[in-house]
Amino acid sequence: MERSMSIADEESVTSSNSPVYENAQIEASQALEVMLYKEGSVLLEQNGESHGVFYIIDGFLEVGYRDKSGNYYELYTIKPGGISGFLDTAMSYKSFVEIKAKTDVYVGFLPREVIERISERYPIVLLSIAKTLTSILSDLILTLDFALEIIASRVRNRLGAPSIRLVLGGGGARGISHIGVLHALEESGIPIDFVGGTSIGAFVGGLYAKEYDIVPIYGRAKKFSSRISSLWRMALDLTYPATSYTTGHEFNRGIWKTFGDNQIEDFWLKYFTNTTNITHSRMEIHKSGYAWRYIRASMSLAGLLPPITDKGSMLLDGGYVDNLPVAEMRSQGAKYIFAVDVGSIDDTTPMRYGDSLSGIWVLFNRWNIFSRHPNVPNLAEIQARLAYVSSVGALEKAKATPGVIYLRPPIDNYATLDFAKFDEIYQVGIKYGQEFLTDLKAKNKMPKIPGAIPLKGGKNSKPVMTRRNSI
């Protein structure tokens, strides 16, 4: 989002003679470049990376956007004294709009690297700008406050406050409990600033990064679960199992109805998901692109759904490589990571059936309730265990990673495709999340988070989003 902002308004916030502001202004003025753009010149392309902030000295800038068909629409004009490009630069996001010279225009240009250097040295400057934005954009405050929370999160980090990240693991319908845990985190006032997920964790995590509000997350996830649990929809999607038992059309449609054409980079929170690239035998991390395609890829169980093709590669469920991608999140500089594991637990009963094995003997022992060998795995179960071997090792490393707060809701009694039990599993997640966080606080192990405001009025109180209080 781009809006003009008067320099006079900013000065009203920072009018004190504080050496901090004086030093910041000196550094900015030394790096300021005066540039001339001819009429029609494009300063910033839509979906392009912002390289700095423009201050209009003389002339006019035009802000517009292009739809999917390439049609251009003018939104508004920025007059002399206005600023453009700040939010995109501050948040390191791609521009949602196109900025071009409406007339010949002289601008003062402050490069992005200078802004980042000033922000690092004088983080209070960012906070002052955020306050200015809230005062002059009251008509857009409900939309803008998501962006301001992101700015405030960066201020917290630069002031030394801990960065709180969230990683959600895969596990099919058991992942509905993720939503309950998110509800509990919001009740405790824990501000999440980065989300990663695998399989169903990619779905719920993507919803949280996109919506940042538990109410629409619950509604969209429940609608998706209802669609997936519909037997007639799945039956109509069956196909000859050359590659998979279903065509994937109904599953694709369910995810697309949830995320639409949204790009990952357009989410309010930073987000990633992982997939297993079976073409090149490696894990892929996705931080940009169409959300529904990569989330669908991360949820693609081999045999049930066909792989998603991407740039010539075939992508399957990320859980085959790492079902709880804490290592990737840790590599992004996280200090604290809430990691929620909902994966199935393998039967580790010792097996002693000799050096050869008869299929008829296995079948008999499965039906014999008095047998000492009832759990010999079948061919499909052995293949499934092989697929997740590397993921099991990654999970154990994740649990032992410093700064990781490991959660595992009691969802072992639910099957991978129990989406019809949405409300039941959701309530399990809420109850577990509330009890876990209460216990964490009682043991004084909860991270100290500036700006975290827990709810008042009991567990049935309506959640109040902490982002609205962060500035």
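Structure: see above.
Residues numbered from 1 in each chain as written. Predicted model: local features only at pLDDT ≥ 70, side-chain atom pairs only at ≥ 80, totals over all residues. Heavy atoms only, no water.

**Quick look at the overall build of the protein**
To keep it simple, the criterion reads: Only DSSP runs of H or I reaching four residues or more are called helices, and only runs of E reaching two or more are called strands; each is numbered from the N terminus. Note on contacts: a residue pair qualifies if any of its non-hydrogen atoms lie within 4.5 Å across the two residues.
Looking only at helices and strands, the protein features 17 helices and 16 strands. A sequence separation of at least 24 residues applies to 75% of the contacts in the protein between residues at least 6 apart.

**Some thoughts on unusual backbone geometry**
Operational definition: Type-normalised accessible area, obtained with a 1.4 Å probe on protein chains alone, sets the label of each residue: buried when under 20%, exposed when over 50%, and partly exposed for intermediate values.
Notably, Lys311 is not glycine yet its phi reads approximately 55°, a positive angle. Within the secondary structure layout, Lys311 lies in the loop between β13 (308–310) and β14 (313–317). One non-glycine residue with positive phi stands out, namely Asn444, at about 60°. Mapped onto the elements of the fold, Asn444 is located in the segment after α17 (422–442). Judged by its relative accessible area of 57%, Asn444 is exposed.

**A word on the sheet that holds strand β2 (residues 42–44)**
Short version of the rule: At least two bridges found by DSSP between two strands is the condition for calling them paired. Only C-alpha atoms enter the line fits that serve as axes; for helices the fit covers just the stretch in contact. Angles between N-to-C directions range over 0 to 180 degrees.
Ordered in space as β2-β7-β4-β5, the 4 strands form an open sheet in which the pairing is antiparallel. In this open sheet, the two edge strands, each paired with only one partner strand, are β2 and β5 (72–78). Neighbour to neighbour, the strand axes of the sheet diverge by 35° on average, direction disregarded. Here strand β4 (residues 61–66) pairs with β5 via 6 bridges, running antiparallel.

**Let's talk about the pattern of salt bridges**
The test is simple: Whenever Lys or Arg places a side-chain nitrogen within 4 Å of a carboxyl oxygen from Asp or Glu, that contact is recorded as a salt bridge.
For the coordinates displayed, the defined rule picks out 17 salt bridges. In this structure, the salt-bridge partner of Arg227 is Glu250, at a minimum N-O distance of 3.3 Å. Of this pair, Arg227 sits in helix α9 (residues 214–228) while Glu250 sits in helix α11 (residues 249–259), and the two are 23 residues apart along the sequence. When sorted by exposure, Arg227 lands in the same class as Glu250, which is buried. In this structure, Asp439 engages Lys443 in a salt bridge whose closest nitrogen and oxygen atoms are separated by 3.2 Å. Judged by relative accessible area, Asp439 falls into the partly exposed class, the value being 37%. When salt bridges that share partners are traced, they join Lys210, Glu211 and Arg220 into one network.

**Comments concerning the environment of Ala339**
Locating Ala339 in the fold gives a position in strand β15 (residues 336–340). By relative accessible area, Ala339 is classed as buried at 0%. Residues Ala339 and Tyr406, spaced 67 residues apart in sequence, show a C-alpha to C-alpha distance of 5.0 Å. If sequence neighbours within four positions are ignored, Ala339 has contacts with Val167, Leu324, Val326, Val404, Ile405, Tyr406 and Leu407.

**Thoughts on the side chain of Thr275**
Inclusion rule: Pairing of N or O atoms within 3.5 Å defines a polar contact, subject to two protein rules: one partner must be a possible hydrogen donor and the other a possible acceptor, and residues neighboring in sequence count only if both atoms are side-chain atoms.
Tracing the backbone through its elements, the reader meets Thr275 in strand β11 (residues 270–277). A distance of 2.7 Å separates polar atoms of two side chains, one belonging to Thr275 and the other to His286. Those residues in contact with Thr275 that lie beyond four places of it in its chain are Arg282, Met283, Glu284, His286, Tyr294, Ala297, Ser298, Leu315, Leu316 and Gly318.

**What to know about the nonpolar core**
Convention followed: In this description, a nonpolar core means a group of buried Ala, Val, Leu, Ile, Met, Phe, Trp, Tyr and Cys residues linked to one another through side-chain atoms lying within 4.5 Å.
Counting residues in hydrophobic clusters, the biggest one holds 60 residues, and the most contacted among them are Leu166, Phe203, Phe259, Phe338 and Leu437. Considering each element in turn, this core owes the most residues, 9 residues, to α17. Sequence-distant contacts of Phe338, defined by excluding residues within four places in its chain, comprise Ile164, Arg165, Leu166, Val167, Leu185, Ile190, Ile405, Leu407, Leu437, Leu440 and Met446. In terms of nonpolar packing, the next biggest core, distinct from the first, is built from 15 residues, Tyr37, Phe54, Val97 and Val107 among them.

**A word on a nonpolar patch on the surface**
Our working definition: Only residues whose relative accessible area exceeds 30% and that form no salt bridge are eligible for patches; like-charged ones are grouped when within 9 Å, while nonpolar side chains (Val, Leu, Ile, Met, Phe, Trp, Tyr) are grouped when within 5 Å. Shrake-Rupley sampling with a 1.4 Å probe provides the accessible areas, and residues are treated as covered by the protein chains on show and by no other component.
On the surface, a cluster of nonpolar side chains totalling about 450 Å² of accessible area is made up of Val34, Leu36, Tyr55, Ile57 and Tyr106. Mapped onto the elements of the fold, Val34 is located in strand β1 (residues 33–37).

**Looking at the sheet that holds strand β8 (residues 105–111)**
The strand order β1-β8-β3-β6 describes an open sheet built from 4 strands, whose pairing is antiparallel. The strands lining the two open edges of the sheet, one partner per strand, are β1 and β6 (83–84). Inspection of the sheet shows strand β3 (residues 52–58) paired to β6 by 2 bridges, in the antiparallel sense. Directly across from Tyr55, in β6, lies its bridge partner Ile83.

**Describing the pairing of strand β7 (residues 98–101)**
The alternating pattern of β7 places Glu98 and Lys100 and Ile99 and Ala101 on opposite faces, both of which are buried. In terms of strand pairing, β2 meets β7 through 2 bridges, oriented antiparallel. If you follow Val42 over to β7, its bridge partner there is Lys100. With 4 bridges joining them, β4 and β7 adopt antiparallel strand pairing. Bridging from a neighbouring strand, Gly64 pairs with Glu98 of β7.

**Some details on α17**
Our working definition: By definition here, a helix of n residues has an expected span of 1.5 Å times n minus one.
In this model α17 runs 30 Å from its N-terminal to its C-terminal C-alpha over 21 residues, within 8% of the 30 Å that 1.5 Å per residue would give. Every buried residue of α17 is accounted for by Phe422, Ile425, Tyr426, Val428, Gly429, Ile430, Tyr432, Gly433, Gln434, Phe436, Leu437 and Leu440. On its buried side, α17 packs onto α7 (177–187), α9, β15 and β16 (404–407). Once α17 ends, the next one or two residues include Asn444, with phi positive near 60°.

**Considerations on the packing of aromatic side chains**
Worth spelling out the cut-off: Centre distance within 6.5 Å is the pairing criterion for rings of Phe, Tyr and Trp, where only the six-membered ring of Trp is used; planes under 30 degrees apart are then read as stacked, over 60 as edge-to-face, and the remainder as tilted.
According to the stated counting rule, one finds 15 aromatic pairs in the structure shown. With centroids separated by 5.4 Å and ring planes inclined at 75°, the aromatic side chains of Tyr218 and Phe422 adopt a geometry described as edge-to-face. Linking Tyr218 in helix α9 with Phe422 in helix α17, this pair joins segments that are 204 residues apart in sequence. The class for Tyr218 is partly exposed, based on a relative accessible area of 23%.

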